[in-house]
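# Tertiary structure, described
Okay, here's what each chain looks like letter by letter:
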Amino acid sequence: MTRTGGVKPAKKNKAEEPELEPLCCCEYIDRNGEKNHVAACLCDCQDLDEGCDRWITCKSVQPETCERITETLSDRLRIPWLRGAKKVNISIIPPLILLPVFLRVASWHFVLGVVVLTSLPVLALWYYYLTHRRKEQTLFFLSLGLFSLGYMYYVFLQEVVPRGRVGPTQLALLTCGLFLVLFALYRAKKNPGYLRNPAGNDRSLGGDQMECLNRKGQEKTKGFPGTDKSGSLNSRTLKDGLTGSSRMLAGSPTKVKEDWCAKCQLVRPARAWHCRICGMCVRRMDHHCVCCVGESNHQAFVLALSIFLLTSVYGITLTLDTICRDRSVFTALFYCPGVYANYSSALSFTCVWYSVIITAGMAYIFLIQLINISYNVTEREVQQALRQKTGRRLLCGLIVDPGQYNRGFLRNWHLFSTLGTRPFHHPAEDIV
């Protein structure tokens, strides 16, 4: 009797709980926890109304208002989907709209082409600097890169292939190169080697052990600018550049010790860094561009760069050979008379120059990667050496050799080829 009496109220309470109605394809739960509809994306937005009113009356809009408008629009920008509308990252939209518009406008005249193709890299670098300064994650550059590949291939199929100068074998090679680039990018987007926060292990540690671990982290940060008397770092000193200077022991410049990350609350091995964009520590972190490049995906990143360069140069060669016949590739790139006579040739020529700009930027990154691999140094360590004015600088700073991990050209490339295959418990000197 006691058991049945105790079970019945539980069933009654469960029955009394209100059941959530299933969402249709155009409905969603917004950031305030309320049900909303895709069609009402611009309704009930006081900040947007206020911003429009101030803009019409030629009054300045406060930055806080602009941020609230952006947050509201990013929350309401969704596409219909099964069991509720899915949220779309607003940073992927500008490349999808602006890139075709800019390239087609640049195809109208030679002067417009110079202005547009010069301004595009400047705007991309400005946005890159802005997002990295704010430590924001964005899909803008991933969207720009993938859409650029797709749009260049689309223009090639629509404007170049119908002219009859590109054979089936050449088209198949270009298509295979494109798919190989996408596959390499997919591999490069995987886990770069994140260091997991041992939160589960910390729970099993006693209070004395945790206090001892924190004391070790504070002792490593004593003497740094911006530390308090206890040795703990403030918000400014938690930047990645300052933690790198605690990696060397005082009496032995080649002996590396483990470092304590105050943000992730973990002990990281040598050559591991904290990524401000990802918010996690990465083993042998190189840099963060479209994705974080570390120990586990550095090879895939270099492979993606090499395949992209080969595919891009091949596509540029085929296009110039089609629209500027009987001329060498280099000559046709700078002198192709009559290319603006019809819109098809002008668009193809503009896309060629856009591809050349992108390829030149990727070639520079690829060259830096080859140099760093040859000297067994990461880009993060190069920036650290430049800030601290340590290491050898060759070719006007193009080559920076701290000398800490350099073991010779062949040994460095062998270590890079086996990157990620070594157990994590190996000594720090064996970690590439």
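To start, this report covers the structure provided alongside it. Since we're looking at a predicted model, the values are computed, not measured. (Residues numbered from 1 in each chain as written. Predicted model: local features only at pLDDT ≥ 70, side-chain atom pairs only at ≥ 80, totals over all residues. Heavy atoms only, no water.)

### Digging into the packing of aromatic side chains
Evaluation of the coordinates by the stated rule reveals ten aromatic pairs. Judged by centre distance (6.4 Å) and plane angle (75°), the rings of Tyr-340 and Phe-349 are edge-to-face. The class for Phe-349 is buried, based on a relative accessible area of 8%. Taken together through their ring pairs, the aromatic side chains of Tyr-127, Phe-140 and Phe-141 make up a single cluster. A cation over an aromatic ring shows up here: Arg-271 above the ring of Tyr-405, its NZ or CZ 3.8 Å from the ring centre. (Phe/Tyr/Trp six-rings, centres within 6.5 Å; stacked < 30°, edge-to-face > 60°. Buried < 20%, exposed > 50% of the residue type's maximum accessible area, 1.4 Å probe, protein only. Lys NZ or Arg CZ within 6 Å of the ring centre and 35° of its normal.)

### Focus: helix α2 (residues 46–56)
Within α2, burial applies to Asp-47, Leu-48 and Gly-51. Buried residues along α2 cover an arc of 95° about the axis, so they all sit on one side. Of the exposed residues in α2, the ones pointing more than 90 degrees away from its buried face are Gln-46 and Ile-56. Buried residues along α2 sit in contact with α3 (63–76). Just past α2, the residue Cys-58 takes up positive phi, approximately 60°. (Helix = DSSP H or I, 4+ residues; strand = E, 2+ residues; numbered from the N terminus. Arc of directions from axis to C-beta. Contact = heavy atoms within 4.5 Å.)

### Some words on the side chain of Arg-78
Relative to the assigned elements, Arg-78 resides in strand β3 (residues 78–79). Judged by its relative accessible area of 15%, Arg-78 falls in the buried class. Once residues lying within four places of it in the same chain are set aside, the contact partners of Arg-78 are Tyr-28, Ile-29, Val-38, Ala-85, Lys-86, Lys-87 and Val-88.

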